[in-house]
Amino acid sequence: MATRVGTTRVARPIAAGVATALLILGAWNPLYARQQGSGTAGAGQAGKTPDARTAPGQQPEPSKAVMLPILAEAERSARDLRDARSKAQMFQAIATLRVRVHDRKSARVAFGQAIQAADAIPDERNRVYTLENIAAAQLDADDRGAALTTLAHVREVVDAMADEFQRLNARSWIVRTISRAGDLDGALKMALDLPGTHMLLKARAMANVLEGLRPEGLPALKKAMPGLLQAVAKVGSPTFEADCLRGFAQVLADCGDVEDLLSIAGILEKAAAEYGPNNGTGCFIIDAEIGVLESLAKAQSKTGRREDAIQTFEKAFGLARGMPPEGEVLRSGRLERLAYERVEAGDVDGALRTADHIVYEYFKAQAFIKIAEAEARAGHRDASLGLFRRAVQADGEIRVRDPGRDRAESYYLNKGECLRTIAFVQARAGFTAEALKTAETIAEPRWKEGALELIAPELACRGEVRQAVELAEMIGDERSSQRAMQGIAEARAAFGDVPGALEWARNRPDPEARAHALLGIMKALVEKYPAGH
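Residues numbered from 1 in each chain as written. Predicted model: local features only at pLDDT ≥ 70, side-chain atom pairs only at ≥ 80, totals over all residues. Heavy atoms only, no water.

A. Expanded view of the overall build of the protein chain. When helices and strands are tallied, the protein chain shows 25 helices and zero strands. By residue count, 54% of the 533 residues in the protein chain fall in the buried class. For the protein chain, the accessible surface area stands at approximately 23000 Å², while carbon and sulfur atoms represent 51% of it. (Helix = DSSP H or I, 4+ residues; strand = E, 2+ residues; numbered from the N terminus. Buried < 20%, exposed > 50% of the residue type's maximum accessible area, 1.4 Å probe, protein only. Areas by Shrake-Rupley, 256 points an atom, 1.4 Å probe, with all protein chains shown as cover.)

Quick look at the structure:
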């Protein structure tokens, strides 16, 4: 008789692994540093003009006296916004920038304006999401007291939500910020109180509790893990435990905790062998094991154990290929994720072999996109262009395979969404002409305009401001157009043309466009120069 993934099989060995790994903390830097995105993939690497994100400024370093009036202008425009969510997000951004220039008193006022605007958002889910983001921004600003007050308000709003699933879903993700604010017990209780009829939400909530501790580094994770594992084991569901362990592994990987990840992978491997692949529970555990192996390989690569990482990737690859074909969407999605992790770890050959085994074309295209961008970053222009062509070809082959199982509206069947991603990553990699050609082939206006929104700032980052503005003005959706305009203004300021960017921003007729553009300029300035002098 198979032994369930319970206390003896899951919680105790990992808790022991956690205790053992605490011995190696001497070499660990407890400050978690957020990974930068690959948005700096070089235009220079692709043979294009210099990128504003790396180009030196042409103007003297602006002073705090220059920056504060720009924020005041943005605030005046923000007050005129009609949409409550846009206004809340605008004031939150202004508050965050005021913190960056050491104007904390005004930042607190702006946070208060953000909360006031958020309370007027009619959609309950968006209201909760916006308020929780404000609380997280207050934590970023080292104002824990204000964040706790905001979180107490968030809980009240969540408890009053009319739709039961939306209420439970909201609880599953606000626990991350509650945990980060220092209320670990409250976050854990909220996660465990989710009903057993929503085990996936419950597992996601448990992972979010640990995620909230990640900015504090590995010591905080080590301290919390035993209690979390004991709580997981008490629930008594093998799939819940496996899903929790997968979520925990993702957090541990970002902190480079190889030892505990090895323990988790070993436990899930034994459990998967006991259940076997021919039942639902066994398949679920195998899928969780693959996810943990991906996290382990990521941590091994992060800590310089490249050969170990490649072996771990190969093991995950073999398990994914052996998943039953009845779950082809799951298997293709898992292989796409594996290809991404392999290329991020520098294993391009392994990523290509993984991509070649993907059946569902959407996931195959996504894998080729990620590998193409990595090749562009490495300066391999021809290889990158060839992979982008393969991604476009895979997109063209997306189709419904089984009408009874594959819903036509499913994201993994959406050609336009996939092409939008291809166009954006082409632009980010420096292939702007190819990006525009790809965007032109998108049939659905929604995805075409989404591509233009993403491409326009990339053009501006390479000095092609006029063309970027023309693209942004072609976008029919007002909010998408404003975001594009903000990116353009940010790029001009990053190039050093602050006066020109300001003049252009002030001439925006719509208050939201003007506020977005001014915030883009400020974002560029605080990123480029140390503020507060």
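B. Structural view of the nonpolar core. Counting residues in hydrophobic clusters, the biggest one holds 172 residues, and the most contacted among them are Met206, Phe248, Ile455, Ile488 and Ile521. A per-element tally of this core places helix 17 (residues 361–377) first, with ten residues. Sequence-distant contacts of Ile488, that is, excluding residues within four places in its chain, are made with Ala456, Pro457, Ala460, Val465, Ala468, Val469, Ala472 and Trp504. (Core = buried A, V, L, I, M, F, W, Y, C linked by side-chain atoms within 4.5 Å. Contact = heavy atoms within 4.5 Å.)

C. Up close: helix 2 (residues 64–79). Here helix 2 contains 16 residues, and its C-alpha end-to-end distance of 23 Å stays within 8% of the 22 Å for a straight helix at 1.5 Å per residue. On its buried face, helix 2 is in contact with helix 3 (84–100), helix 4 (104–118), helix 24 (498–506) and helix 25 (511–528). (Expected span 1.5 Å × (residues − 1).)

D. Representation of the pattern of salt bridges in the model. Overall, the coordinates contain 37 salt bridges when judged by the stated rule. Two residues, Asp159 and Arg171, come together in a salt bridge whose shortest N-O distance is 2.9 Å. Residue Asp159 is located in helix 6 (residues 144–159), and its partner Arg171 is located in helix 7 (residues 164–180); the two are separated by twelve residues in the primary sequence. Judged by its relative accessible area of 49%, Asp159 falls in the partly exposed class. (Salt bridge = Lys/Arg side-chain N within 4 Å of Asp/Glu carboxyl O.)

E. How the structure looks around the confidence of the model for the protein chain. Looking at the protein chain, pLDDT values average 85 and 87% of them are 70 or higher. Ignoring residues within four places in sequence, the model shows residues 1–48, a span with pLDDT below 50, making 95 contacts including any to other chains. (pLDDT = per-residue confidence, 0-100.)

F. Molecular detail of the side chain of Arg514. Tracing the backbone through its elements, the reader meets Arg514 in helix 25. The buried charged residue Arg514 lacks any salt bridge partner; its closest oppositely charged side chain belongs to Asp80, at an N-O distance of 4.9 Å. Here the side chain of Arg514 touches Arg508 through a polar contact of 2.7 Å, landing on its backbone oxygen. (Lys, Arg positive; Asp, Glu negative; His and termini not counted. Polar contact = N/O pair within 3.5 Å; in protein donor to acceptor, adjacent residues only side chain to side chain.)

G. Representation of the environment of Ala394 in the model. Along the chain, Ala394 turns up in helix 18 (residues 381–396). Accessibility expressed as a relative area gives 3% for Ala394, which makes it buried. Linking Ala394 and Phe368, residues 26 residues apart in sequence, is a C-alpha distance of 9.0 Å. Among all residues touching Ala394, those that are not within four sequence positions of it are Glu361, Lys364 and Ala365.

H. Molecular detail of the packing of aromatic side chains. Inspection of the entire model under this criterion finds eight aromatic pairs. With 6.0 Å between their ring centres and 70° between their planes, Tyr129 and Trp173 make a pair best called edge-to-face. Within this pair, whereas Tyr129 is found in helix 5 (residues 124–140), its partner Trp173 is found in helix 7, the two being separated by 44 residues in sequence. By relative accessible area, which is 35% here, Tyr129 ends up partly exposed. With centroids separated by 6.1 Å and ring planes inclined at 25°, the aromatic side chains of Phe363 and Tyr412 adopt a geometry described as stacked. Here the residue Phe363 occupies a position in helix 17, and Tyr412 occupies one in the loop between helix 18 and helix 19 (415–428), the gap between them amounting to 49 residues. The exposure class of Phe363 is buried, given its relative accessible area of 3%. Members of the aromatic cluster, each reached through a chain of ring pairs, are Tyr360, Tyr362, Phe363, Tyr411 and Tyr412. The cationic tip of Arg246 hangs over the ring face of Phe284; the distance from NZ or CZ to the ring centre is 5.5 Å. (Phe/Tyr/Trp six-rings, centres within 6.5 Å; stacked < 30°, edge-to-face > 60°. Lys NZ or Arg CZ within 6 Å of the ring centre and 35° of its normal.)

I. Region of the structure containing helix 3. Taking 1.5 Å of rise per residue, the 17 residues of helix 3 would be expected to cover 24 Å, and the 24 Å separating its terminal C-alpha atoms lies within 8% of that figure. Every buried residue of helix 3 is accounted for by Ala84, Ser86, Ala88, Met90, Phe91, Gln92, Ile94, Ala95, Leu97, Arg98 and Val99. Those residues of helix 3 that are buried lie in contact with helix 2, helix 4, helix 5, helix 23 (478–494) and helix 25. Where helix 3 begins, the side chain of Asp83 points an oxygen toward the backbone nitrogen of Arg85, at a separation of 3.3 Å. Just downstream of helix 3 lies His102, where phi reads positive at about 65°.

J. Expanded view of the packing of helix 3 against helix 25. Packing of helix 3 against helix 25 brings their axes to within 11 Å, and their N-to-C directions diverge by 25°. As the angle between them shows, helix 3 and helix 25 are arranged roughly parallel. Between helix 3 and helix 25 lies a crossing of left-handed hand. Contacts between helix 3 and helix 25 involve Ser86, Met90, Ala93, Ile94, Leu97 and Arg100 from the first element and Glu512, Ala515, His516, Leu519, Met522, Lys523, Val526 and Glu527 from the second. Grouping the constituent residues of the contact of helix 3 with helix 25 by class yields eight nonpolar, two polar and four charged. (Axes fitted to C-alpha atoms, helices over the stretch in contact; angles between N-to-C directions. Parallel < 35°, antiparallel > 145°, perpendicular 65-115°, else oblique. Left-handed = near helix turned anticlockwise from the far one by under 90°. Nonpolar A, V, L, I, M, F, W, Y, C, P; charged D, E, K, R; others polar.)

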